[in-house]
Amino acid sequence: MRYAETGYNLEIDLTRRNIERVATDPKETELYLGGLGTNAKIIWDRVPPEVDPFSPDNLLIFAAGLLCGTPATGCNRTIVSTISPQTRLMAFSMMGGFWAPELKYAGYDKVILRGKSPDLVYLWIKDDKVEIRDAAHLQGKGAVETAGLIRQELKEPKAQVAAIGLAGENRVYYASIEQGRSSASRGGIGAVMGDKGVKAIAVRGTKDLNIAQPALFMELCNEVLEYIKFRNDNPIPGVMPILAGLGSPQEMKVHDEKWHTENFMWGNSRVRRKDFWSEDVAQAWMETLDSMRTRLISCYNCPMTCGATISPPGKPTYMMKCFSKLTYTMAAFSDLEFGLGIAQSATEYGVDGFTTPQVMAFALELYENGILTDGDFPGMPADNEGRFYWLLDRIVRREGIGDVLADGTYWAAKAIGKGADAFAHNNIKKHEQLPLKLSMLNPIYFLMYATGEKMNITQIEGQFPQAPFPKREQREEFVKDWIQVPDEKFKQYFLDWEPRGVKSIPYYPTPEMCCDIVDWQERMHYIDDALGMCAGLSSFPLKPPYHIHNYPKFIAAGAGIDMDEDKLTQAAKRYRTLVRANNIRRGMRRKDEKPPENHWKKRFPELEKELLDTYYKFKGWNNDGIPTKESLHELGLDFVSEDFSKRGILTDSEDASSGETSE
Ligand code: SF4
């Protein structure tokens, strides 16, 4: 019997309209857990580097994490993996909401799409009945609108629907997949869904999942719930509000946006407005939020209510996600009313809330600097808000300049030329990052930014405080109940970390300590993405309810897999390495592993080199960031070694040879 997982994937060939229910190998679950882990293995096995993002041979995998559908609080993530049109590397976006548990209840762990449908279709999964249905009538409809229409036509109000909007249909490189109160946004996975001719996947399940040790599992769940309550009643003192509690940043509850608006950059990540937040702004924004926020909402099986339904005047209600509350506002130098309004259109169109505003601000900067001219913007309004709406429409339709901008700032700058690349300044691995520019290099963040293969720093950071606390007594207080550390040494690292002097950034934590810290941070995110856990209850916040000490118990009691901390660490390392192997095979190398030039004002090239050298060694990668044969062998990944050798990626001396990131 299989526990926590169903043991079946749905394989759908859209070209041949063939649907198969395929039994999976439980050994793969032991090795790679599930979710992202097994996705990475499938991509390795079936999507060689010769396959382009828009090839019928590219796969689009919707995976429910291993523990999704069990009573584990907050375990509801769908991990969507494919080859990204924007980065040309493996993308794995996560969405919360309700879809993954529903898929499990229908009897499947993953939906794997291959091929392409010549006509627009949607998929309807109701337990054992799976259909490919015509979606011609849904062409051009919004993502949220589509979900409602599908529920109506199926007469299934409880169906969970993941859908794309116009941006996905038109293969915008940063198109999202929208669902419930969440979306899978990064990497342009919505464009791959559109390329496959799939408008939506609706699912309704009524089956049960088996739990290996139900009584013990419920005990563990109750402990987590109690701890969540404790943490909600006892926010961490001395850190900014979004780090004091649990959940994704409490964006939709808080009125006070002083920290974000004054510390993040406005426009195309260029302008810091240090004195923006005044009493008048605070009052106006509070009134806007209170008038448009209709109710606070949660994802499946979670008490945190980090999202909200928003009803902008004259527009349909939609569900706001996290930091998108501010991204359009700040890119357009406007106010919250504008931001909440345009986010409704952007949600229906189905675009990523981080990349899209940056691309639009980038276009306007090029215009202001004469690189793009009036001829590129026929009929564009004169006011900033109007321009943003105008640009959004052109992008999602790929009309005129919108067609160029629809590929993101990196590819657009290449197409435009005339020095436009200087304005595409906020990318890592061809992908727009958080609009954040700082002063002094932070060695921990340097490593996370450089080597992360997720597409967003918020999906890599967490666990360890972002900055030292000013006083030793505060630090001593903080470490007292820091049970989540995998090793006591982390407490000492933090205790000794000073805001100024020899034990301050950039030289402290030392490169060796930074390796430990970044490895811990990354490990927790990768575990979450295999289990389907919300990062907001595990890898992102300080002192979360799920951690390396209780996760093995959840996996053992839930999935019936013999598990301890070492085995879990090794499994996470295995599929993390497999993600890298997929990308190495696609040409990613050390030269790609760098934060934006202007991310910090004060840079330290020698230290940065030492950090990267030390971290690569720590991870078992050679000097070009390629996992060595020895480290692959230790992880049971000899098949990767063999492939690397055949392709000349690894030689006997383990030097990197051919292969540049594809352009
Ligand atoms: S913590 Fe927030 S984002 Fe995470 S599952 Fe709960 S409601 Fe969703």
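Source: prediction; values computed, not measured. (Residues numbered from 1 in each chain as written. Predicted model: local features only at pLDDT ≥ 70, side-chain atom pairs only at ≥ 80, totals over all residues. Heavy atoms only, no water.)

**Student:** What exactly am I supposed to notice about the sheet that holds strand β4 (residues 78–83) here?
**Tutor:** Two pairing modes exist for strands in a sheet, parallel and antiparallel, and in both the strands are linked by backbone hydrogen bonds. If you walk across this open sheet you meet the six strands as β2-β1-β6-β3-β4-β5, and the pairing is mixed. Each end of this open sheet is capped by a strand with a single partner; those strands are β2 (18–23) and β5 (90–95). Direction aside, the axes of adjacent strands within the sheet are offset by 15° on average. Pairing analysis gives six bridges linking β4 to β5, with the strands arranged antiparallel. (Pairing = 2+ DSSP bridges. Helix = DSSP H or I, 4+ residues; strand = E, 2+ residues; numbered from the N terminus. Axes fitted to C-alpha atoms, helices over the stretch in contact; angles between N-to-C directions.)

**Student:** Even after reading the chapter, I still don't get the packing of helix α7 (residues 214–233) against helix α21 (residues 551–559), so can you show me in this structure?
**Tutor:** Helix-helix packing: each pair is described by the crossing angle between the helix axes and the interaxial distance. In the contact formed by α7 and α21, the axes pass within 8 Å of each other and the chain directions differ by 145°. Considering how the two elements wind past one another, α7 and α21 form a crossing that is left-handed. Judged by residue contacts, L216, F217, L220, C221 and V224 of α7 engage K553, F554, A557 and G558 from α21. Class assignment of the residues belonging to the contact of α7 with α21 gives a composition of seven nonpolar, one polar and one charged. (Left-handed = near helix turned anticlockwise from the far one by under 90°. Contact = heavy atoms within 4.5 Å. Nonpolar A, V, L, I, M, F, W, Y, C, P; charged D, E, K, R; others polar.)

**Student:** What is the right way to look at the side chain of R590 in this model?
**Tutor:** Inspection of the secondary structure assignment puts R590 in the loop between α22 (565–585) and β19 (600–602). For R590, a relative accessible area of 18% gives the class buried. Here N623 takes part through its backbone oxygen, which lies 3.0 Å from a polar atom of the side chain of R590. The contact partners of R590, leaving out residues within four places of it in the chain, are K609, L612, D613, Y616, N623 and D624. (Buried < 20%, exposed > 50% of the residue type's maximum accessible area, 1.4 Å probe, protein only. Polar contact = N/O pair within 3.5 Å; in protein donor to acceptor, adjacent residues only side chain to side chain.)

**Student:** Whenever I open this one, the packing of aromatic side chains confuses me. Can you help?
**Tutor:** Geometrically, a pair of aromatic rings is defined through the distance of the ring centres and the angle of the planes. Applying the stated criterion to the full structure yields 40 aromatic pairs. Judged by centre distance (6.5 Å) and plane angle (75°), the ring pair of F494 and W497 falls under edge-to-face. With a relative accessible area of 0%, F494 lands in the buried category. Using a relative accessible area of 1% as the deciding quantity, one classes W497 as buried. A centroid spacing of 6.2 Å and a plane angle of 10° characterise the contact between Y615 and F618, whose relative ring orientation is stacked. (Phe/Tyr/Trp six-rings, centres within 6.5 Å; stacked < 30°, edge-to-face > 60°.)

**Student:** Explanation requested: the environment of V130 in the structure shown.
**Tutor:** Following the sequence through the fold, V130 ends up in strand β8 (residues 129–134). Judged by its relative accessible area of 16%, V130 is buried. C-alpha separation for the pair V130 and A202, spaced 72 residues apart in sequence, amounts to 9.9 Å. Other than its neighbours up to four places away in sequence, V130 contacts L10, I12, I19, Y108, W124 and I125.

**Student:** For this particular structure, what's the right way to read the sheet that holds strand β13 (residues 293–297)?
**Tutor:** If you trace the three strands from one edge of the open sheet to the other, you get β13-β14-β15, paired in antiparallel fashion. Edge strands, defined here as strands with exactly one partner in the open sheet, are β13 and β15 (318–320). Strand-to-strand twist across the sheet, computed as the mean angle between neighbouring axes with direction ignored, equals 30°. Across four bridges, the pairing between β13 and strand β14 (residues 307–310) is antiparallel. When the bridges of β14 are listed, I297 appears paired with G307. Its contacts with the sheet place helix α10 (residues 279–292) against β13 and β14, and it is angled at close to 75° to β13.

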